[in-house]
Amino acid sequence: VTCPQSVGINEFEERADDVLLYPNPSSGTFILKRLSGELISGVTIYNYSGNKVLVKNNLESDEVILNLDSLSSGIYFLEIREAEGFIYKKLILSR
């Protein structure tokens, strides 16, 4: 049995710290920025129940503007796709 190299908790936290999500909370528009300049290839937003509510693919940018005006107030989870895998952030939509 061959096990792939695992990602330690410290490495996961460092990757998450490389992503700015602001303002958070927001009334509808969020800015997602990679501090390292690495590219964001896509994002998926899930509601609190785990349902996909928004998918954006083929972004290939280090900064993304997310307009969530069509969504209700609440807590959402952001899955950020990049070359190294996934980064997760929580966002709060408050009107």
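For the structure itself, look to the data block above.
Criteria and thresholds
- Residues numbered from 1 in each chain as written.
- Predicted model: local features only at pLDDT ≥ 70, side-chain atom pairs only at ≥ 80, totals over all residues.
- Heavy atoms only, no water.
- Salt bridge = Lys/Arg side-chain N within 4 Å of Asp/Glu carboxyl O.
- Helix = DSSP H or I, 4+ residues; strand = E, 2+ residues; numbered from the N terminus.
- Buried < 20%, exposed > 50% of the residue type's maximum accessible area, 1.4 Å probe, protein only.
- Pairing = 2+ DSSP bridges.
- Axes fitted to C-alpha atoms, helices over the stretch in contact; angles between N-to-C directions.

Enquirer: Give me the lowdown on the pattern of salt bridges, citing residues and values where you can.
Expert: Taken as a whole and assessed by the stated rule, the structure comprises seven salt bridges. The partner of Asp 18 in a salt bridge is Arg 34, with the nearest N and O atoms 2.5 Å apart. Of this pair, Asp 18 sits in the loop between helix 1 (9-17) and strand 1 (19-22) while Arg 34 is found in strand 2 (residues 29-34), placing the two residues 16 residues apart along the sequence. Asp 18 sits in the buried class, given a relative accessible area of 13%. Since its relative accessible area comes to 2%, Arg 34 is described here as buried. The shortest N-O distance in the salt bridge between Lys 33 and Glu 63 comes to 3.9 Å. Within this pair, whereas Lys 33 is found in strand 2, its partner Glu 63 is found in strand 5 (residues 63-67), the two being separated by 30 residues in sequence. Each of Asp 18, Arg 34, Glu 38 and Glu 82 takes part in salt bridges that share partners, so that together they form one network.

Enquirer: Just give me the short version of the sheet that holds strand 4 (residues 52-56), but keep the residues and values in it.
Expert: With antiparallel pairing, four strands are arranged side by side in an open sheet as 4-3-6-7. Looking along the sheet, the strands with just one partner apiece sit at the ends: strand 4 and strand 7 (85-93). Averaged over all pairs of adjacent strands, the angle between their axes in this sheet comes to 20°, without regard to strand direction.

Enquirer: Any details on the pairing of strand 5? Residues and values, ideally.
Expert: Only one face of strand 5 is covered, namely the one carrying Val 64 and Leu 66; the face carrying Glu 63, Ile 65 and Asn 67 has none of its residues buried. As paired strands, strand 2 and strand 5 are joined by five bridges and run antiparallel to one another. Bridge pairing links Thr 29 to Asn 67 in strand 5.

Enquirer: Please set out unusual backbone geometry residue by residue, giving values where relevant.
Expert: The linkage connecting Tyr 22 with the following residue, Pro 23, adopts the cis geometry, with an omega of -15°. Within the secondary structure layout, Pro 23 lies in the loop between strand 1 and strand 2. In this model, Asn 24 is joined to Pro 25 through a cis peptide bond whose omega is 15°. Take Pro 25: it is sitting in the loop between strand 1 and strand 2. Unlike most non-glycine residues, Glu 60 shows phi in positive territory, near 45°. Relative to the helices and strands, Glu 60 resides in the loop between strand 4 and strand 5. On the basis of relative accessible area, Glu 60 is assigned to the partly exposed category, the value being 48%.

Any functional reading would require information beyond the geometric quantities listed.
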